Amino acid sequence: MLKRKLCCTLAALLVAGSAGAADLVVIVSARAPVTAMRADQVADIFLSESNRFPDGGEATPVDQQVGTVLRDEFYEKVARRSPALMRAYWTKMIFTGRGQPPREVPGNAGVKKLVADNPGMIGYIDRSELDPTVRAVLMVR
């Protein structure tokens, strides 16, 4: 009986924990030549370790606003870093002069519009916001 209660409680916690998770996609403009990317390639661009797409074209990352669930989930899953680790990372990068964090844009619609209008940009949005103006190059799970 106790074993069954523990299993039910654990199942409920797992469902509750995943309820807030979004279906994220990394996007580029529909006019961009890039069709697919690996998570490590995306992470390198968003962490200022690379400024190029796999085809050699220039890549400029666009971030969601600090503190949003989408942003936190993106960095947890793609760069394997918590919000606290990301703050520490950018503090170090700025202090040493090795990089600046990506430009922040409010909301999925803002990121999608900016990326759609600029083939050299890359961003991430909720999958439900996809439309023909952008192309998903990575499904984040």
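Look up: the structure comes first, before these words.
Note that the coordinates shown come from a computational prediction; the quantities given were computed from them, not determined experimentally.

Attention now moves to the overall build of the chain. When you go through the chain residue by residue, the secondary structure sums to five helices and five strands. Across the 141 residues in the chain, those meeting the buried criterion constitute 36%. Restricting the contact set of the chain to residue pairs at least 6 apart, pairs at least 24 apart contribute 71%. In the form shown here, the chain has an accessible surface area of approximately 8,200 Å², with 58% of it arising from carbon and sulfur atoms.

Those residues of helix 2 (residues 39-46) that sit buried are Val-42, Ala-43, Ile-45 and Phe-46. Along the axis of helix 2, the buried positions cluster into a sector of 160°, meaning they face one direction only. Buried residues in helix 2 make contact with strand 1 (24-29), strand 2 (60-63), helix 3 (69-79), helix 4 (83-96), strand 4 (121-126) and strand 5 (134-140). Downstream of helix 2 by a residue or two, Ser-48 has a phi angle that is positive, lying close to 60°.

In this section: the packing of aromatic side chains. In the structure shown here, the tally under the stated rule is six aromatic pairs. In textbook terms, an aromatic cluster arises when at least three aromatic residues are bridged by ring pairs, as seen for Phe-46, Phe-74, Tyr-75 and Tyr-124.

This brings us to the pattern of salt bridges. Applying the stated rule across the entire model yields seven salt bridges. Close ionic contact of Arg-71 with Asp-63 constitutes a salt bridge, the shortest N to O distance being 3.3 Å. Each member of the pair, Arg-71 together with Asp-63, is buried. Several salt bridges converge on common partners, so that one network encompasses Asp-63, Arg-71 and Glu-104.

What follows concerns the sheet that holds strand 2. Picture the strands of a sheet paired through backbone hydrogen bonds; they go either parallel or antiparallel. Pairing in this open sheet of five strands is mixed, and the strands run 3-2-4-1-5 from one edge to the other. For this open sheet the edge positions go to strand 3 (103-104) and strand 5, each flanked by a neighbour on one side alone. In terms of strand pairing, strand 2 meets strand 4 through two bridges, oriented parallel. Of the residues in strand 4, the one forming a bridge with Pro-61 is Ile-122. Packed on one face of the sheet, helix 2 meets strand 1, strand 2, strand 4 and strand 5 and runs near 110° to strand 4. With respect to the sheet, helix 3 is in contact with strand 1, strand 2, strand 3, strand 4 and strand 5, its orientation differing from that of strand 4 by roughly 110°.

Let us now look at the packing of helix 2 against helix 3. One can describe the packing of helix 2 onto helix 3 by two numbers: an axis separation of 9 Å at closest approach and a directional angle of 125°. When the interaxial angle is binned, helix 2 and helix 3 end up oblique. Contacts between helix 2 and helix 3 involve Ala-39, Val-42, Ala-43 and Phe-46 from the first element and Phe-74, Tyr-75, Val-78 and Ala-79 from the second. Here the residues of the contact of helix 2 with helix 3 sort into eight nonpolar, no polar and no charged.

Here we come to unusual backbone geometry. In this structure, Ser-48 takes a positive phi of about 60° despite not being glycine. As for its position among the elements, Ser-48 is in the loop between helix 2 and strand 2. Positive phi, close to 60°, is recorded for Arg-80, a residue that is not glycine. Checked against the element boundaries, Arg-80 lands in the loop between helix 3 and helix 4.

Conventions we followed
- Residues numbered from 1 in each chain as written.
- Predicted model: local features only at pLDDT ≥ 70, side-chain atom pairs only at ≥ 80, totals over all residues.
- Heavy atoms only, no water.
- Helix = DSSP H or I, 4+ residues; strand = E, 2+ residues; numbered from the N terminus.
- Buried < 20%, exposed > 50% of the residue type's maximum accessible area, 1.4 Å probe, protein only.
- Contact = heavy atoms within 4.5 Å.
- Areas by Shrake-Rupley, 256 points an atom, 1.4 Å probe, with all protein chains shown as cover.
- Arc of directions from axis to C-beta.
- Phe/Tyr/Trp six-rings, centres within 6.5 Å; stacked < 30°, edge-to-face > 60°.
- Salt bridge = Lys/Arg side-chain N within 4 Å of Asp/Glu carboxyl O.
- Pairing = 2+ DSSP bridges.
- Axes fitted to C-alpha atoms, helices over the stretch in contact; angles between N-to-C directions.
- Parallel < 35°, antiparallel > 145°, perpendicular 65-115°, else oblique.
- Nonpolar A, V, L, I, M, F, W, Y, C, P; charged D, E, K, R; others polar.

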